[in-house]
Amino acid sequence: MSYLPRVNKVFPAAGFTHEEIRRYGRHLIMPEVTLEGQQKLKAARVLAVGTGGLGSPLLLYLAAAGVGRLGIVDFDTVDDSNLQRQVLHKTRNIGKPKIESAIEAIQELNPNVEVVPYQTALRSENALEILQDYDVVVDGTDNFPTRYLVNDACVLLGKPNVYGSIFRFEGQATVFWAERGPCYRCLYPEPPDPGMVPSCAEGGVLGVLPGLIGMVQAIETVKLILGLGDPLIGRLLLFDALGMEFREFRLRKDPGCPICGSAPSIQSLVDYEAFCGIGTPAAADDVPEITVQELKRRLDGAVEFDLIDVREPHEVAIAQIPGAKVIPLSQFHQRIHELDSAREVVLFCKLGPRSAKACRLLFDAGFRKVQNLAGGIEAWSLEIDPSVPRY
Ligand SMILES: Nc1ncnc2c1ncn2[C@@H]1O[C@H](COP(=O)(O)OP(=O)(O)OP(=O)(O)O)[C@@H](O)[C@H]1O
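The model shown is predicted, which means the values in this text are computed figures rather than measured ones. Sequence order as written defines the numbering, with residues in each chain counted from 1. Where local features are concerned, this predicted model is filtered to residues with pLDDT of at least 70; where side-chain atom pairs are given and counted, the filter is 80 or more; whole-chain, interface and lining totals use all residues. For side-chain calculations, the full set of non-hydrogen atoms in the structure is used, while hydrogens and water are omitted.

Caption draft 1: Representation of the overall build of the protein chain. Numbering goes from the N terminus for both helices and strands, where a helix is a DSSP run of H or I of at least four residues and a strand is a run of E of at least two. Of the regular secondary structure elements, the protein chain holds 18 helices and 13 strands. Overall, the protein chain is about 80 × 50 × 40 Å in size when its C-alpha atoms are taken along their principal axes. For every residue, the accessible area obtained with a 1.4 Å probe (protein chains only) is divided by the maximum for its type, and the residue is called buried under 20%, exposed over 50%, and partly exposed between those limits. Out of the 391 residues belonging to the protein chain, those deemed buried represent 51%. Restricting the contact set of the protein chain to residue pairs at least 6 apart, pairs at least 24 apart contribute 68%. Residue exposure ignores everything except the shown protein chains as possible cover, and the areas themselves are Shrake-Rupley values with a 1.4 Å probe. A total of about 18,200 Å² of accessible surface is found on the protein chain, and carbon and sulfur atoms cover 55% of it. Seen as two clouds, the 40 positive and the 49 negative side-chain charges of the protein chain have centres 5 Å apart. What makes two residues a contact is simply this: any of their non-hydrogen atoms within 4.5 Å. We score Asp and Glu as negative and Lys and Arg as positive, and we do not count His or the chain ends. All charge positions are set by atom: Lys at NZ, Arg at CZ, Asp at CG, Glu at CD.

Caption draft 2: Molecular detail of the confidence of the model for the protein chain. Per-residue pLDDT for the protein chain has a mean of 95; in total, 97% of the residues score no lower than 70. In the predicted complex, the global pTM is 0.88; the interface-specific ipTM is 0.98. Confidence of the predictor at the level of single residues is given by pLDDT, which spans 0 to 100.

Caption draft 3: Layout of the site of the ligand. Here, proximity means that at least one heavy atom of the residue falls within 4 Å of the molecule or strand. Residues in contact with the ligand amount to 20 residues; listed here are only the nearest, G53, D74, Q86, K98 and L122. In this structure, Q86 approaches the ligand through a side-chain N or O atom, which is 2.9 Å from an oxygen atom. Distance and chemistry together define a polar contact, namely a pair of N or O atoms within 3.5 Å, with one atom able to donate a hydrogen and the other to accept it when in protein, and with adjacent residues in sequence counting only for side-chain atoms on both sides. Contacts to the ligand include K98, whose side-chain N or O atom sits 2.7 Å from an oxygen atom. The fraction of the free accessible surface of the ligand (630 Å²) that becomes covered by protein chains is 87%.

Caption draft 4: Geometry of the UniProt feature "domain: Rhodanese" (unreviewed entry) in the protein chain. As annotated by UniProt and renumbered to match this structure, "domain: Rhodanese" (unreviewed entry) occupies residues 301-389. Helix makes up 31% of residues 301-389 and strand 16%, with an end-to-end C-alpha separation of 25 Å. UniProt positions are given in the numbering used here, feature names are shortened, and annotations may be inferred rather than shown by experiment.

Caption draft 5: Representation of the domain arrangement of the protein chain in the model. What counts as a domain boundary in this text is fixed by an automatic or database domain assignment. Along its sequence, the protein chain is organised into domain 1 (5-281) and domain 2 (287-383). One C-alpha centre belongs to domain 1, the other to domain 2; they are set 38 Å apart. Across the boundary between the two partners, domain 1 contributes 4 residues, which contact 7 residues of domain 2. What counts as buried area is the accessible surface, traced by a 1.4 Å probe, that two parts surrender upon association, with contributions from both included. Of the roughly 480 Å² buried where domain 1 meets domain 2, counting both sides, 44% is carbon and sulfur surface. Summed over the three residues of domain 1 that lose the most area to domain 2, namely M196, A201 and E202, the buried surface amounts to 83% of that side.

Caption draft 6: Up close: the side chain of S381. Mapped onto the secondary structure, S381 falls in helix α18 (residues 376-383). A polar atom in the side chain of S381 sits 2.8 Å from the backbone oxygen of V388. Here S381 is in contact with P386, V388, P389 and R390, once residues within four sequence places are set aside.

Caption draft 7: Examining the sheet that holds strand β13 (residues 370-373) more closely. Two strands qualify as a pair provided DSSP detects at least 2 bridges between them. Within the open sheet, the 5 strands sit side by side as β9-β13-β12-β10-β11. Their pairing is parallel. Looking at which strands have only one partner, the edges of the open sheet turn out to be β9 (289-290) and β11 (325-326). Where strand β12 (residues 345-348) lies against β13, 3 bridges are found, and the strand directions are parallel. Each bridged residue has a counterpart across the sheet, and for V346 the counterpart in β13 is Q371.

Caption draft 8: Local environment of the environment of E19. Counting through the fold element by element, E19 comes out in helix α2 (residues 18-23). Look at E19 and you get partly exposed, because its relative accessible area is 38%. Sequence spacing of E19 and N112 is 93 residues, and the spatial spacing of their C-alpha atoms is 9.8 Å. A polar contact is formed between the side chain of E19 and the side chain of N112, at a distance of 3.1 Å.

Caption draft 9: Representation of the sheet that holds strand β4 (residues 136-139). Read across the sheet, 8 strands follow the order β3-β2-β1-β4-β5-β6-β7-β8 without closing on themselves; strand pairing throughout is mixed. Of all strands in the sheet, those with a lone pairing partner are β3 (114-118) and β8 (245-250), marking the two edges. Within this sheet the neighbouring strands show an average axis-to-axis angle of 15°, counted without direction. Across 7 bridges, the pairing between strand β5 (residues 161-167) and strand β6 (residues 170-176) is antiparallel. Bridge pairing links N161 to F176 in β6. Along the sheet, helix α5 (residues 55-65) makes contact with β1 (45-49), β2 (69-73) and β4, crossing β2 at roughly 165°. Between the N-to-C directions of two axes lies an angle of 0 to 180 degrees, each axis being a line fitted to C-alpha atoms and, for a helix, fitted only over the stretch in contact.

Caption draft 10: Structural context of the environment of T91. Along the chain, T91 falls in the loop between β2 and α6 (98-109). Placed 82 residues apart in sequence, T91 and A173 show a C-alpha to C-alpha distance of 29 Å.

Caption draft 11: The arrangement of the nonpolar core in detail. If you look at the biggest cluster of nonpolar residues, it comprises 45 residues, and the most contacted ones within it are L70 and I106. It is helix α11 (residues 209-226) that provides the largest number of residues to this core, a total of 8 residues. Residue contacts for I106: discarding those within four places in its chain leaves L59, A63, L70, I72, L88, V113 and V115. In terms of nonpolar packing, the next biggest core, distinct from the first, is built from 25 residues, L122, L149, V150 and F176 among them. Only buried Ala, Val, Leu, Ile, Met, Phe, Trp, Tyr and Cys residues count toward a nonpolar core, and they belong to the same one when joined by side-chain atoms within 4.5 Å.

Caption draft 12: Fine view of the packing of aromatic side chains. For Phe, Tyr and Trp, where Trp contributes only its six-membered ring, two rings pair if their centres lie within 6.5 Å, and the inter-plane angle classes them as stacked under 30 degrees, edge-to-face over 60, or tilted in between. Considering all chains together, one arrives at 9 aromatic pairs under this definition. An angle of 55° between the planes, with centres 5.4 Å apart, marks the rings of Y163 and F176 as tilted. Of this pair, Y163 sits in strand β5 while F176 sits in strand β6; the two residues are 13 residues apart in sequence, bridging distant segments of the chain. Judged by relative accessible area, which is 2%, F176 ranks as buried. Both rings, one in F239 and one in F246, keep their centres 4.6 Å apart while their planes meet at 35°; by these two values the pair is tilted. An aromatic cluster is built from Y148, Y163, F176, Y184, Y188 and F275, whose rings are joined through pairwise contacts. We call a charge positioned over a ring when the NZ of a Lys or the CZ of an Arg lies within 6 Å of the ring centre and within 35 degrees of the ring normal. Across the ring face of Y391, the terminal group of K350 is positioned such that the distance to the ring centre comes to 5.1 Å.

Caption draft 13: Quick look at α5. Among the 11 residues that make up α5, 9 are buried, leaving the element largely enclosed by the rest of the structure. Within α5, the full set of buried residues consists of G55, S56, P57, L58, L59, L60, L62, A63 and A65. One or two residues past the end of α5 sits G66, with phi positive at roughly 90°.

Have a look at this one:
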């Protein structure tokens, strides 16, 4: 038996070619797998949302294992900064859509796999239609609106959602499946305030880490298909690379969960950006912003102001905007007295969220003439001065 009803129904089906028998031989000789299990893998349809750090090992291993159909959703293109961890993508594919690059890598590895590409963002408008054709959904994305969207779509369609996330040296993984255990909303009923949880682009990530968490997701997916072992349903696996420690937390289904509880209030997909407070007037107007073009005009002009770089010294060593004074966010409280509330202050970081936090600290301290540089030093490099390296 598989954990997946549809996969059970299709077995037994067509046999394997000699090429497939040789390819999957190390599976076939395991009594827990055999030809029967390999047939389940061949009949299985898995959707990977995101072909980045987590999606890379996931897709490579699922393709190698002989999962018959892999759906892949991503809207992004391959960036040179992806290659440190997104091992699906190659240097030669920088600038190409990740979907194209992923198809190439999967088919090079195992041409028997059918790849169904969706070169689009998964959104409320397309999620149910895309997900409905799959037995297992794997969330390899990096943002809260998409995590709630994948969760809700899986709950509404009754699909398992193999979840993973990573940050710096730590990762987590679990299997959300409302029919058998908790869902993402049972664990995280409310999204964090926008900007409060730094992204990997802002805070960094050890390149090897998604390899491990993505592979945990791949193993859980294969277990669900084969009906083997104990799936991570109701268990959150936490991994700390520095301590080389795995811990596990029991997760409980919340009877009051708005989507999988006993009296669900959510019956269809909602606006997840709004739910997560992204793009709302409150979030956007939180701190006044200045564009890089305006900053350039100011730097070239006569009006005096203070330009403050709130990045940490190891980041300042990589790239600078000339004339900026460095006060890292981690020292901001102690060093706020170095700033003059009578002067205009422009703050920046790598992408914007940390300097927005510093702006709020200044407002709380009574400063009024404070602005955040939209897009941070990354935008400065892209739009004003390409000699400043991007990292
Ligand atoms: N709603 C969505 N629909 C489709 N793909 C998504 C969605 N949200 C995120 N993704 C994709 O999920 C992947 C997440 O992977 P990861 O965080 O490793 O990559 P990244 O976004 O390229 O990284 P970074 O932000 O550090 O540059 C990305 O390829 C991203 O495009």
